[in-house]
Amino acid sequence: MPEVNGQKFPYTEEGMKAAKEAEMEVLETPGDDRLMKLAEEADMAEEEAMPMMDGDFTLNKVNGVVDGLNRVNRLFQAPPYPSFETVPDRFPPEFIKNLQMVDAAVISSGMEEYKFDLEDIKDDQDLVQLRGKLDAMASDKSFKAFLTKPIGTGEIQQEAGMGNKPTDLGRGPVSPSPSAEGGDAEVDLFMARMA
């Protein structure tokens, strides 16, 4: 006898039809509702774990940070973030995630002078400082070079015995790397500029 959710059905036409209906009931709503509820709970937990920018801000200074962020977003080839029409009671998760992406890149680049902590931002003066850091990193050639550096040309890859040869990503011919030409002095000069 076919069994659906602990219930047995006879091998008759009516029994098979009843088994199919019971199976469809099991597959439909309860699972979808449960999955939706789990997804909503996960989203809420993620939002609660996010750092908050909480303080007394003016719209002009908030949108100044948005302008600086959008200059950096261009380096990431990310879409611009829209300006705020009013100062939000709680900043949207997308805005916080965008700032966290920038901060993660700063940490990876080792450029500590651009590091910021969102929870330390409490007033307009803090927003002015954040805007200044965003503007400075958007103009910093070393930071731009870090973001555009091809993956696979770092020291870790060299130590692991992986090649240092740049690849053509559809942008035309790629020039050989300085170390491939034996130009250790050029590599040292480049590394000194990155520091």
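Here, the structure is the one placed above.
Here goes a summary of the coordinates provided.

**Details of the overall build of the protein**
Then step 1. Per the secondary structure count, the protein includes eight helices and two strands.
Then step 2. Written out in order from the N terminus, the α and β elements of the protein read β-β-α-α-α-α-α-α-α-α.
Then step 3. Counting all 195 residues of the protein, 29% fall into the buried class.
Then step 4. Pairs at least 24 apart in sequence give 57% of the contacts found in the protein among residues at least 6 apart.
Then step 5. Carbon and sulfur atoms make up 53% of the accessible area of the protein, which totals about 13,500 Å².

**Concerning the packing of aromatic side chains**
Both the distance between ring centres and the angle between the ring planes are used here to describe each pair of aromatic rings.
Then step 1. Under the counting rule described, the total for this entry stands at seven aromatic pairs.
Then step 2. Measuring from ring centre to ring centre gives 5.3 Å for F84 and F95, while their planes differ by 85°; the resulting arrangement is edge-to-face. Placement of F84 in the loop between α3 (59-76) and α4 (93-109) and of F95 in helix α4 is noted, with a sequence separation of eleven residues between them.
Then step 3. Each member of the aromatic cluster is reached from another via a ring pair, and the members are F57, Y81, F84, F91 and F95.

**Considerations on the nonpolar core**
Then step 1. One finds M53, F91, F95, L99, L134 and M137 to be the most contacted residues of the largest nonpolar core, which totals 28 residues.
Then step 2. Take this core: its biggest share by element is six residues, from α4.

**Some points on the pattern of salt bridges**
Then step 1. For the structure shown, the criterion picks out three salt bridges.
Then step 2. Close ionic contact of D103 with K115 constitutes a salt bridge, the shortest N to O distance being 3.3 Å. With D103 in helix α4 and K115 in the loop between α4 and α5 (124-139), this pair connects stretches of sequence that are twelve residues apart.
Then step 3. The class for D103 is buried, based on a relative accessible area of 12%.

**Focus on the side chain of D103**
Then step 1. Separated by 3.3 Å, the side chains of D103 and K115 make a polar contact.
Then step 2. Ignoring sequence-local partners within four residues, the contact set of D103 consists of K115 and F116.

**A look at α5**
Then step 1. Its 16 residues give α5 an end-to-end C-alpha distance of 23 Å, which sits within 8% of 22 Å, the value for a rise of 1.5 Å per residue.
Then step 2. Of all the positions in α5, only D124, D126, L127, L130, L134, D135, M137 and A138 are classed as buried.
Then step 3. For α5, the secondary structure elements touched by its buried residues are α3, α4 and α6 (141-148).
Then step 4. Here α5 starts with a cap whose side-chain oxygen sits 3.1 Å from the backbone nitrogen of Q125, and that cap is D123.

**Some details on the packing of α3 against α5**
Then step 1. Two elements in contact, α3 and α5, have axes separated by 8 Å at closest approach and are oriented at 20°. Judged by the angle between their axes, α3 and α5 are roughly parallel. For α3 against α5, the interelement crossing comes out left-handed. Contact residues: α3 offers K61, V62, G64, V65, D67, G68, L69, R71, V72 and L75, while α5 offers D124, L127, V128, L130, R131, L134, D135, M137, A138 and S139.

**Some thoughts on the environment of R131**
Then step 1. Locating R131 in the fold gives a position in helix α5.
Then step 2. Judged by its relative accessible area of 29%, R131 falls in the partly exposed class.
Then step 3. It is 9.0 Å that separates the C-alpha atoms of R131 and V62, two residues lying 69 residues apart in sequence.
Then step 4. In contact with R131, other than residues within four places in its own chain, are G64, V65, D67 and G68.

Here is what the cut-offs are and how they apply
Within each chain, residues carry numbers counting from 1 in the order of the written sequence. Only residues with pLDDT of at least 70 are given local features in this predicted model, and only at 80 or more are side-chain atom pairs given and counted; all residues enter the totals for whole chains, interfaces and linings. With hydrogens and water stripped out, all remaining heavy atoms of the structure feed into the side-chain values. Secondary structure is summarised from DSSP: a helix means a run of H or I of at least four residues, a strand means a run of E of at least two, and numbering begins at the N terminus for each. Summary of the burial criterion: residues with accessible area below 20% of their type's maximum are buried, those above 50% are exposed, and those between are partly exposed, where the area comes from a 1.4 Å probe applied to protein chains only. Two residues qualify as a contact provided that any one of their heavy atoms is within 4.5 Å of a heavy atom in the partner residue. In these tables, accessible area is a Shrake-Rupley quantity obtained with a 1.4 Å probe, and a residue counts as shielded only by the protein chains included in the view. Stacked, edge-to-face and tilted labels apply to pairs of Phe, Tyr and Trp rings (six-membered ring for Trp) whose centres lie within 6.5 Å, assigned for plane angles under 30 degrees, over 60, and everything in between, in that order. Residues grouped as a nonpolar core are buried Ala, Val, Leu, Ile, Met, Phe, Trp, Tyr and Cys residues, joined through side-chain atoms within 4.5 Å. Salt bridges are counted wherever a side-chain nitrogen of Lys or Arg sits within 4 Å of a carboxyl oxygen of Asp or Glu. Counted as a polar contact is a pair of N or O atoms within 3.5 Å, where, for protein atoms, one must be capable of donating a hydrogen and the other of accepting one, and residues adjacent in sequence contribute only when both atoms are in side chains. Here the expected span of a helix is defined as 1.5 Å times the quantity of residues minus one. Only the stretch in contact is used when fitting a helix axis, every axis being a line fitted to C-alpha atoms; angles between N-to-C directions are given from 0 to 180 degrees. Orientation categories follow fixed angle ranges, with anything under 35 degrees roughly parallel, anything over 145 roughly antiparallel, 65 to 115 roughly perpendicular, and all other angles oblique. Put simply, a crossing is left-handed when the front helix is turned counterclockwise from the back one by less than a right angle, and right-handed when it is turned clockwise.

These figures capture arrangement, not role.
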